[in-house]
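So you can see what is in the structure, the chains are spelled out below.
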Amino acid sequence: MINMTVGEKIWQAAVYMILIVLALLCLLPFLYVMAVSVTPESEVLRRGIVIIPESFTFAAYKEVFISHGIGQAYKITLFRTIVGTALNVFFTIIAAYPLSKKYLPGRSTFLLFIVFTMMFGGGLIPTYLLIRSLGLLNSPWVLIIPQLISAFNLVIIKGFFEQLPAEIEESARVDGASELQSLWRIILPLSLPVLATISLFYAVGHWNSYFDAIVYLNDAKLMPLQVVLRNILLNIAAQNADSMANSATVSKFAVQMAAVVVTTIPILIVYPFMQKHFTKGVLMGSIKG
């Protein structure tokens, strides 16, 4: 153990205290949102800022799930996030693997077209006309298919594949493995760190996205969670208090906070598990000499 002087110990303690204060400042807004969502309206009006409620009520959450279609929105968002992320990662890998081979005919031309899409887009109206011509309007697949492959993520995975030693695949070919077998049994296990990262990028993008649903969907039953949350935050202030169940104990502000909590908690729960996979992927993906 390193012996520290008194001054170094004081400095270290001061740094820890500053970090703790900053962490609390980052945590307080979320604690406030959670506290207000379970606090009766009378207590919120009396105390103003509530961090630790004196009494609890879950009427706001009941109001959100019963009256605002959060349950159906959860199903759509989970479908979009799970199925969309799986398809995103699959097709990104299928596109990135051959592009990582320098002997691929026309490789530079393909890469030029892909990078071009990162800097220039067709615009909203041409994209809408294309989606309509494909018959994807008012379909849950319109939330997945148009953004099936991210050019940025494809370039990242392609670069990772290029860094892997070519001798590994050459050894597999000598043993009689095909390209697909080499990809599935060798390349992908070595690429777990980047695949976990890209999967998280895709999943968070699907979970937080709402603009495409507003543009391409008309059926309220197909709206994802973020659109429903947006509608709650925009419209609940205009609602009549008499239309709310348990109006004596539930405030409109509490319903807003409850909506924020139910749409934020799931993605926060995912992060620790993804972090675990990051660590595991680094260990499995390391190349032993």
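Our structure's up above, just so we're on the same page.
Residues numbered from 1 in each chain as written. Predicted model: local features only at pLDDT ≥ 70, side-chain atom pairs only at ≥ 80, totals over all residues. Heavy atoms only, no water.

Draft legend 1. Summary view of the overall build of the protein chain. Helix and strand counts for the protein chain stand at 13 helices and zero strands. Secondary structure elements of the protein chain occur, N-terminal to C-terminal, as α-α-α-α-α-α-α-α-α-α-α-α-α. By residue count, 36% of the 289 residues in the protein chain fall in the buried class. Summarising the internal contacts of the protein chain: among those between residues at least 6 apart in sequence, 72% fall at separations of at least 24. Put simply, the protein chain shows about 17400 Å² of open surface, and 70% of that area lies on carbon and sulfur atoms. (Helix = DSSP H or I, 4+ residues; strand = E, 2+ residues; numbered from the N terminus. Buried < 20%, exposed > 50% of the residue type's maximum accessible area, 1.4 Å probe, protein only. Contact = heavy atoms within 4.5 Å. Areas by Shrake-Rupley, 256 points an atom, 1.4 Å probe, with all protein chains shown as cover.)

Draft legend 2. Just helix H10 (residues 192-208), in detail. The terminal C-alpha atoms of H10 lie 24 Å apart, and with 17 residues this matches the ideal 24 Å at 1.5 Å per residue to within 8%. Listing the buried residues of H10 in full gives Pro193, Val194, Leu195, Ala196, Ile198, Leu200, Tyr202, Ala203, Val204, His206 and Trp207. (Expected span 1.5 Å × (residues − 1).)

Draft legend 3. Main features of the packing of helix H7 (residues 151-163) against H10. One can describe the packing of H7 onto H10 by two numbers: an axis separation of 10 Å at closest approach and a directional angle of 175 degrees. One finds that H7 runs roughly antiparallel with respect to H10. The segment H7 lies against H10, with Asn153, Ile156, Ile157 and Phe160 engaging Val194, Leu195, Ile198, Phe201 and Tyr202. Taken together, the residues that form the contact of H7 with H10 break down as eight nonpolar, one polar and no charged. (Axes fitted to C-alpha atoms, helices over the stretch in contact; angles between N-to-C directions. Parallel < 35°, antiparallel > 145°, perpendicular 65-115°, else oblique. Nonpolar A, V, L, I, M, F, W, Y, C, P; charged D, E, K, R; others polar.)

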